[in-house]
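The primary structure of each chain is shown beneath.
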Amino acid sequence: MKTLFIAWQDAKTRKWAPIGRLTREDDLYKFVYTRGAEVMPESYRFGRMRDLYKVYQSEELFPMLSSRVLAKNRPEYKKYLEWLGLSEARYDVLDELARTGGLRATDSLELFPCPEPTAGQRYEVYFFCRGLRHLHEENQKRARQMESGERLYLMQDLQNTHDKKALLLRTKNPVSIVGYAPRYYSAEFTQLISSTDPDQVRVTVERVNRDAPVQYQILCKLVSPWPANFLPCADKEFEALAVG
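Residues numbered from 1 in each chain as written. Predicted model: local features only at pLDDT ≥ 70, side-chain atom pairs only at ≥ 80, totals over all residues. Heavy atoms only, no water.

So, the pattern of salt bridges
Next, step 1: Applying the stated criterion across every chain yields a total of 14 salt bridges.
Next, step 2: Measuring nitrogen to oxygen at the nearest pair gives 3.4 Å for the salt bridge that ties lysine 79 to glutamate 82. Placement of the pair is lysine 79 and glutamate 82 together in helix H2 (residues 77-84), with a separation of 3 residues, close to one helical turn.
Next, step 3: Among the residues examined, lysine 79 registers a relative accessible area of 35% and is labelled partly exposed.
Next, step 4: One salt bridge in this structure joins glutamate 150 and arginine 142, with 2.6 Å as the shortest N-O distance.
Next, step 5: Salt bridges sharing common partners tie together Lys2, Arg24, Asp92 and Asp95. (Salt bridge = Lys/Arg side-chain N within 4 Å of Asp/Glu carboxyl O. Helix = DSSP H or I, 4+ residues; strand = E, 2+ residues; numbered from the N terminus. Buried < 20%, exposed > 50% of the residue type's maximum accessible area, 1.4 Å probe, protein only.)

Next comes the structure, spelled out in structure tokens:
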């Protein structure tokens, strides 16, 4: 079973919260709201799916998400999959949404997977560098000069007024800020560093897509030992409001 959480940002408070959970099992999609939706206004409910305490099922991807998937007949489709580091032969729509976050300029919705331990008991996630467009021109240039396999380092941004848990990504020598880790991974990445040997929490550049839109230019991968008793997506806001 594959699982993605759906987060939304309140335009007034700037608060992000996981408001829903999407799963697929035996070719059936299921959507349930999570406790995070209880603290958000009703406007953050999807279409006719107004009941917070109901399980919604569909043989096809729900419309609010299918519109965030690139059509296969688009001329840039193959190049797009390359940017995401995905194989056309092994394509999966939930893998696409996990990599892109389903981001659109018209709203503040974002999707992300809940990590599961690999067969070797490792924590492993892929993500795109965030905030690249807001960096100084010299930092942007350094980011686009990176090569696959280059190691990056996580650094806390404690005085960030929008996100106290924000994590910057930097190069080693010379030190250059090249973006941010996604906000929904910040707390987990920090917990991994504090729960194991920090040097074993390794972020590397997976791909540099210089011809891609800025949000798809720097694909990274984080690998770490899976600490004992480590539970991702364990906050109360992730709890499903319906069971079925």
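Some remarks on the sheet that holds strand E4 (residues 56-58)
Next, step 1: Overall, antiparallel pairing links the 5 strands, which are arranged E4-E3-E2-E1-E5 in an open sheet. The open sheet terminates on both sides in strands that have one partner only, identified here as E4 and strand E5 (109-113). The mean angle between the axes of side-by-side strands here comes to 25 degrees, regardless of whether they run parallel or antiparallel.
Next, step 2: Here strand E1 (residues 2-9) runs beside E5; their pairing, made up of 5 bridges, is antiparallel. (Pairing = 2+ DSSP bridges. Axes fitted to C-alpha atoms, helices over the stretch in contact; angles between N-to-C directions.)

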